[in-house]
Amino acid sequence: MVGEAGLSVAIAVMMLAAALASYGFAWYSRRRAEHPISDRFALLMVADGSWALFLLLGHLSPTDSLALLSRTPMTASAVFATVFWFMFVIEYTGDSEWIPDVTEWLLAIAAAGYVVVFALNPGGIAYSSRGVASFGYLRVPYEVFGPFMIGYTLYTYVVLLFTFGLLGRFLLQTRNLYRKQAAVIFGVTFLVLVSTVVYVSGVSPHPRLDLTPVFFVLQAVGIGIALYRYDFLDVEPMAAHTLLEEMADPVFVVDSSDRLVDWNDAADAYVERDDGQTVLDDIAIPGLPRTLTVTDGGSGGDTSTVTTTRADGSRERVTFDVRTTPIEDRYDIVRGRAVVLRDVTEQEQRKRALETQNERLEEFTGMVSHDLRNPLQVIDSRIELARQTGDLSHLEDAGEATRRMEELLDDLLDLAREGQVLDETRELDLANCARRAWDSVDAPEATLSVETDRVVVADESRLRQVFENLFRNSIEHGGPEVTVTVGDADGGFYIADDGPGIPADQRDSVFDLGETSSADGTGFGLAIVERVVAAHGWSVSASEGESGGARFDVSLSERTLPALDE
């Protein structure tokens, strides 16, 4: 008897805690958010709290008649708890979109009808008899189920199983944050369902003792945690279904605090942690939060771009056009934003190529009009002299000017082509590329020293052109017996020679078009080198080498097509 008494006290305390917790969450939910899901959760908590309260009053009643009197309001709370649970679930999962509104009214009318039949019990169809048992310090009022009560109980379980089916489907279809929320709601409410089965089957500590309200503490606290820890009312749960999983572009959903609540498979590689507290700064796309500040124009009209590496591990750079769109629920309440990253890498490359080609065209026409004028004047004057004097030696000077024009035109065409988009890029062994370029240079007495094992991602023909032009530059200024070295530098590689070097005041201008210290040079070789290097997203600079000769350092910037070191 002592054990039973102690257990009865514990049950009474837990029922009181369940009532207080349910009423507390109902009050807080009504104040926390004006949203249909919040309202329905509040109604569910009121019904659960009333169920626990009236059951507790019956257990603590001083007389059997008062204990039985509490059964009708307790029963009303219990049956309407099922209705409010149904309303909450279909709103949470978004199934209210296809379930007619009249369904809720029909369930409420059925619940109200059951309460009336239970209170009046015409012909004993609700229960055949009722009484009051005891368990420790508690009175345990009860009814012996009649056919109507048995039928309604079975109907209630059908409704509950239907809602659990909706929750289970939502649990499987959704992901990330909402999967955690749905799992919590599913789990704690399933315990409540199990407790009702235990009561109906008569295997509780006392066959007439209904312990279902004891589990309301778990339901209130469990759903409350999902409500206020995960803020599932901030962004409507079914917003996750607006994400098209078949989209190849990354898509993120953030709430009003810029916290990540969902994303599609294409975005998964950019999410470095998933602990329910991930924010935009945690996404592995540098600068994305700042971009969203610019693009968040309310209607998703403003756009911007952000560049990062591809998620496939290739380290190739990719440019995304970022668009944000407010997420509004069916009640026109803004709950968050959908962030869509559209791959515009090819478009950006074509755009830059077109801009570069236009610049090259202007340079080309300017150089043609300027640099070809002198050879043309020489040809014109020498032909005129040959005609006037009959001295054909003047035609030799005209021929030399013609050859000079051919050199200029060849270099101008090479320069113009450098504005085009790179062809296929792949991993290249820098040493092999340098040696192959050296083989195409006519310098039998010069020496090449290769001191690198670096691997770079580049267009092979363009990279060889860089080496060839720099090698010819070293031979032209350093003499036929010059020694050229290709080696590793911090963040890139270098090409150096042991020639006379470049004066300090000319190192910044050596890449300018037409800049040359050689009477026979066109001034385009180093300009072409700079164009090719820039096309790879790299940079080149001139300095003095260890031997006092010219040194050119190529820095492999990570902005575009970064180098891969092995």
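Visitor: Got a minute to help me understand the overall build of the chain in this structure?
Guide: A count of helices and strands for the chain gives 16 helices and 14 strands. By residue count, 49% of the 566 residues in the chain fall in the buried class. Looking at the chain alone, contacts between residues at least 24 apart form 64% of all its contacts between residues at least 6 apart. Here the chain has roughly 26,800 Å² of accessible surface; of this, 55% comes from carbon and sulfur atoms.

Visitor: What am I meant to see in a nonpolar patch on the surface here?
Guide: Taken together, Val102, Trp105, Leu106 and Ile109 make up a surface patch of nonpolar side chains, about 470 Å² in accessible area. Take isoleucine 109: it is sitting in helix α5 (residues 102–120).

Visitor: Looking at this model, I keep getting lost on the pattern of salt bridges. Mind explaining?
Guide: Pairing of side chains with opposite charge becomes possible as their charged atoms draw close. Evaluated as defined, the whole model comprises 17 salt bridges. Residue glutamate 460 pairs with arginine 436 through a salt bridge whose shortest N-O separation is 2.7 Å. In this pair, glutamate 460 sits in helix α15 (residues 460–478) while arginine 436 sits in helix α14 (residues 430–439), placing the two residues 24 residues apart along the sequence. Look at the salt bridges and you will find they share partners, linking Arg40, Glu91 and Glu104 into a network.

Visitor: What is the right way to look at the packing of aromatic side chains in this model?
Guide: How two aromatic rings sit relative to each other is set out by the distance from centre to centre and by the angle between their planes. Overall, the coordinates contain 22 aromatic pairs when judged by the stated rule. Ring geometry for phenylalanine 164 versus phenylalanine 190: centroids 6.0 Å apart, planes at 85°, classification edge-to-face. Residue phenylalanine 164 is found in helix α6 (residues 147–173), and its partner phenylalanine 190 is found in helix α7 (residues 176–201); the two are separated by 26 residues along the sequence. Residue phenylalanine 164 is classed as buried on the basis of its relative accessible area of 8%. In this structure phenylalanine 190 comes out as partly exposed when scored by relative accessible area, which is 40%. Aromatic rings pair up to connect Phe41, Trp85, Phe88, Tyr92, Phe164, Phe170, Phe186 and Phe190 into one cluster. Here the guanidinium or amino end of arginine 551 rests over the ring plane of tyrosine 494, the centre of that ring lying 4.0 Å away.

Visitor: I tried to follow the packing of α15 against helix α16 (residues 525–535) on my own but got confused; where do I start?
Guide: In a pair of packed helices, the angle between the axes and the distance between the axes together describe the arrangement. Close contact between α15 and α16 brings their axes to 9 Å; oriented N to C, the two are set at 150°. In terms of axis orientation, α15 runs roughly antiparallel to α16. The interaxial crossing formed by α15 with α16 has left-handed handedness. Facing Arg462, Gln465, Val466, Asn469, Leu470 and Asn473 of α15, the residues of α16 in contact are Gly525, Leu526, Ile528, Val529, Val532 and Val533. Looking at the contact of α15 with α16 residue by residue, the class counts come to seven nonpolar, four polar and one charged.

Visitor: For this particular structure, what's the right way to read the nonpolar core?
Guide: Soluble, globular proteins show a tendency: their nonpolar side chains are buried together. Ranked by size, the top nonpolar core spans 63 residues in total, and within it Ile11, Trp85, Phe88, Ile185 and Ile223 carry the most contacts. Element by element, the count of residues in this core is highest for helix α4 (residues 71–93), at 13 residues. Once residues within four sequence positions are removed from consideration, tryptophan 85 is found in contact with Leu44, Leu160, Thr163, Phe164, Leu167, Ile185, Thr189, Gln219 and Ile223. Grouped together as the second largest cluster of nonpolar side chains are 37 residues, Leu470, Trp538, Phe552 and Leu556 included.

Visitor: Sorry if this is basic, but what is going on with the sheet that holds strand β11 (residues 483–489) here?
Guide: Strand pairing in a sheet takes place through backbone hydrogen bonds and is either antiparallel or parallel in direction. Pairing is mixed across the open sheet formed by five strands, whose spatial order is β9-β11-β12-β14-β13. Both outer strands of the open sheet, β9 (447–451) and β13 (539–544), are each paired with one neighbouring strand and no more. Put simply, the sheet's adjacent strands are angled 20° from each other on average, direction ignored. Bridge count between β13 and strand β14 (residues 550–555): six bridges; the pairing is antiparallel.

Visitor: Explain the side chain of threonine 163 here, please?
Guide: Here threonine 163 lies in helix α6. When neighbours within four sequence positions are excluded, threonine 163 is seen to be in contact with Trp85, Phe86 and Val89.

Visitor: Would you take a moment to explain the pairing of strand β2 (residues 138–145) for this structure?
Guide: Consecutive side chains of a regular strand alternate in pointing toward one face of the sheet and then the other. Relative to β2, strand β1 (residues 127–135) runs antiparallel, the two being bridged by eight bridges. Opposite serine 129, over in β2, you have valine 144 as the bridge partner. Taking the residues that link successive antiparallel strands as the turn, the β1-β2 hairpin has two residues, and the phi of glycine 136 there is positive, at about 60°.

Visitor: Would you mind going over the side chain of arginine 71 with me for this structure?
Guide: On the secondary structure map, arginine 71 appears in helix α4. Residues contacting arginine 71, with those up to four places away along its chain left out, are Leu55, Phe118, Arg130, Pro141, Tyr142, Glu143 and Tyr199.

Visitor: Can you walk me through the environment of aspartate 459 in this structure?
Guide: Considering the arrangement of structural elements, one finds aspartate 459 in the loop between β10 (455–458) and α15. In sequence terms aspartate 459 and valine 532 are 73 residues apart; their C-alpha atoms lie 9.5 Å from each other. A distance of 3.0 Å separates polar atoms of two side chains, one belonging to aspartate 459 and the other to serine 461.

Visitor: Would you take a moment to explain the pairing of strand β12 (residues 492–497) for this structure?
Guide: Within β12, six of the six residues are buried, which leaves the element mostly enclosed by the surrounding structure. Burial of β12 is two-sided: the residues Gly492, Tyr494 and Ala496 facing one way and the residues Phe493, Ile495 and Asp497 facing the other way are all buried. Bridge count between β11 and β12: six bridges; the pairing is antiparallel. When the sheet's bridge partners are listed, aspartate 488 is paired in β12 with phenylalanine 493. As paired elements, β12 and β14 share five bridges and run antiparallel to each other. Each residue of the ladder has a partner; that of glycine 492, found in β14, is serine 555.

Visitor: Please clarify how α5 should be interpreted in this entry.
Guide: Each α-helix winds once per 3.6 residues, and so residues spaced three or four apart point in a common direction. The terminal C-alpha atoms of α5, which comprises 19 residues, lie 27 Å apart, in line with the 27 Å expected from a rise of 1.5 Å per residue. Where α5 is concerned, the buried positions are Glu104, Leu107, Ala111, Tyr114, Val115, Val117 and Phe118. Burial along α5 is one-sided: seen end-on, the buried residues are contained in an arc of 165°. Looking at α5, the residues exposed on the side facing more than 90 degrees away from the buried face are Trp105, Leu106, Ile109 and Leu120.

Visitor: So what exactly am I meant to see when it comes to unusual backbone geometry here?
Guide: Negative phi characterises most residues that are not glycine, and trans characterises most peptide bonds. Although it is not a glycine, asparagine 121 adopts a positive phi angle of roughly 50°. Looking at where asparagine 121 falls in the secondary structure, it is placed in the loop between α5 and β1. Since its relative accessible area comes to 15%, asparagine 121 is described here as buried.

Visitor: Explanation requested: the environment of aspartate 282 in the structure shown.
Guide: As for its position among the elements, aspartate 282 is in the loop between α9 (265–268) and α10 (288–295). In this structure the C-alpha to C-alpha distance between aspartate 282 and valine 271, which are eleven residues apart in sequence, comes to 7.0 Å. Aside from chain neighbours lying at most four places away, what touches aspartate 282 is Tyr270, Glu272, Arg273 and Gln277.

Thresholds applied
- Residues numbered from 1 in each chain as written.
- Predicted model: local features only at pLDDT ≥ 70, side-chain atom pairs only at ≥ 80, totals over all residues.
- Heavy atoms only, no water.
- Helix = DSSP H or I, 4+ residues; strand = E, 2+ residues; numbered from the N terminus.
- Buried < 20%, exposed > 50% of the residue type's maximum accessible area, 1.4 Å probe, protein only.
- Contact = heavy atoms within 4.5 Å.
- Areas by Shrake-Rupley, 256 points an atom, 1.4 Å probe, with all protein chains shown as cover.
- Patch = residues over 30% accessible without salt bridge, like charges linked within 9 Å, V, L, I, M, F, W, Y side chains within 5 Å.
- Salt bridge = Lys/Arg side-chain N within 4 Å of Asp/Glu carboxyl O.
- Phe/Tyr/Trp six-rings, centres within 6.5 Å; stacked < 30°, edge-to-face > 60°.
- Lys NZ or Arg CZ within 6 Å of the ring centre and 35° of its normal.
- Axes fitted to C-alpha atoms, helices over the stretch in contact; angles between N-to-C directions.
- Parallel < 35°, antiparallel > 145°, perpendicular 65-115°, else oblique.
- Left-handed = near helix turned anticlockwise from the far one by under 90°.
- Nonpolar A, V, L, I, M, F, W, Y, C, P; charged D, E, K, R; others polar.
- Core = buried A, V, L, I, M, F, W, Y, C linked by side-chain atoms within 4.5 Å.
- Pairing = 2+ DSSP bridges.
- Polar contact = N/O pair within 3.5 Å; in protein donor to acceptor, adjacent residues only side chain to side chain.
- Expected span 1.5 Å × (residues − 1).
- Arc of directions from axis to C-beta.

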